[in-house]
Amino acid sequence: MNKAQVIHEMGSADVMQLEEWRVPDLKKGEVRICHTAIGVNFADTCHRG
């Protein structure tokens, strides 16, 4: 399991929830990239919901 920032409804920044997220199995032709940290694009925070 990973963690993901998830938005279930429109609203202010408090609608962004950190949740456990199941990593799906890979399909033919796909790759998995491991990372230790990511950033959230400012435009994404402006378009919640």
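Here the residue numbering is sequential within each chain, running from 1 through the sequence in written order. Reporting in this predicted model follows two pLDDT cut-offs: at least 70 for local features of residues, and 80 or more for side-chain atom pairs to be given and counted; totals over whole chains, interfaces and linings ignore these cut-offs and use all residues. Note: side-chain values were computed over all heavy atoms of the structure, leaving out hydrogens and water.

Colleague: Any chance you could explain the overall build of the protein here in plain terms?
Modeller: Each helix and strand counted, the protein has one helix and two strands in total. In DSSP terms, a helix is any run of H or I states spanning at least four residues, a strand is any run of E spanning at least two, and both are numbered starting from the N terminus. Its helices and strands taken in sequence order, the protein reads β-β-α from the N to the C terminus. Projected onto the principal axes, the alpha-carbon positions of the protein cover approximately 40 × 20 × 20 Å. For every residue, the accessible area obtained with a 1.4 Å probe (protein chains only) is divided by the maximum for its type, and the residue is called buried under 20%, exposed over 50%, and partly exposed between those limits. Looking at the 49 residues of the protein, the share that counts as buried comes to 10%. Contact criterion: two residues are considered in contact whenever any of their non-hydrogen atoms come within 4.5 Å of each other. Considering only contacts within the protein whose residues lie at least 6 apart along the sequence, 27% involve residues at least 24 apart. Looking at the protein as shown, the accessible area adds up to about 4700 Å², and 55% of this sits on carbon and sulfur atoms. Think of it this way: Lys and Arg go in the positive column, Asp and Glu in the negative one, and His and the chain ends go nowhere. For this purpose, a charge sits on NZ of Lys, CZ of Arg, CG of Asp or CD of Glu. The positive charge centre, built from 6 side chains, and the negative charge centre, built from 7, are 9 Å apart in the protein. Computed with the Shrake-Rupley method and a 1.4 Å probe, the accessible areas treat only the protein chains shown as cover for residues.

Colleague: For this particular structure, what's the right way to read the layout of surface pockets?
Modeller: Any empty space left between the atoms is revealed when a probe the size of a water molecule rolls over them. The method works on a 1 Å grid over the protein atoms by themselves. A cavity is a set of points holding a 1.4 Å probe that cannot get out, a pocket is an open set with protein on both sides within 12 Å along at least five of seven lines, and residues with an atom within 4 Å of a point line them. Grid points are joined across faces, edges and corners, and a volume is the space filled by probe spheres set on the points. In this structure, the largest pocket occupies an estimated 410 Å³ of space. Lining the largest pocket are 17 residues, and of these Asn2, Lys3, Val23, Ile33 and His35 sit closest to its centre. Sorting elements by how many residues they give to the lining of the largest pocket places strand β1 (residues 2-7) first, with four residues. Under the grouping applied here, Gly and all other residues not named as nonpolar or charged are polar, the nonpolar ones being Ala, Val, Leu, Ile, Met, Phe, Trp, Tyr, Cys and Pro and the charged ones Asp, Glu, Lys and Arg. Counted by class, the lining of the largest pocket contains eleven nonpolar, four polar and two charged residues.

Colleague: Explain the confidence of the model for the protein to me, please; I cannot follow it from the model alone.
Modeller: Low-pLDDT stretches of the model should not have their predicted coordinates read in fine detail. Scored from 0 to 100, pLDDT reflects the predictor's confidence in each residue. Here the protein shows a mean pLDDT of 84. Residues at 70 or above account for 96%. No element of the protein has a lower mean pLDDT than helix α1 (residues 42-46), at 77, and none a higher one than strand β2 (residues 16-21), at 90.

Colleague: What exactly am I supposed to notice about the pattern of salt bridges here?
Modeller: Oppositely charged side chains may form a pair once their charged atoms are brought near each other. Criterion for a salt bridge: a side-chain nitrogen of Lys or Arg within 4 Å of a carboxyl oxygen of Asp or Glu. The full count for this structure, using the stated rule, is two salt bridges. The salt bridge partner of Lys3 is Glu20, with a shortest N-O separation of 4.0 Å. Here Glu20 lies in strand β2 and Lys3 lies in strand β1, a separation of 17 residues in the sequence. Its salt-bridge partner being Asp25, residue Arg22 comes within 3.9 Å of it at the nearest N-O pair.

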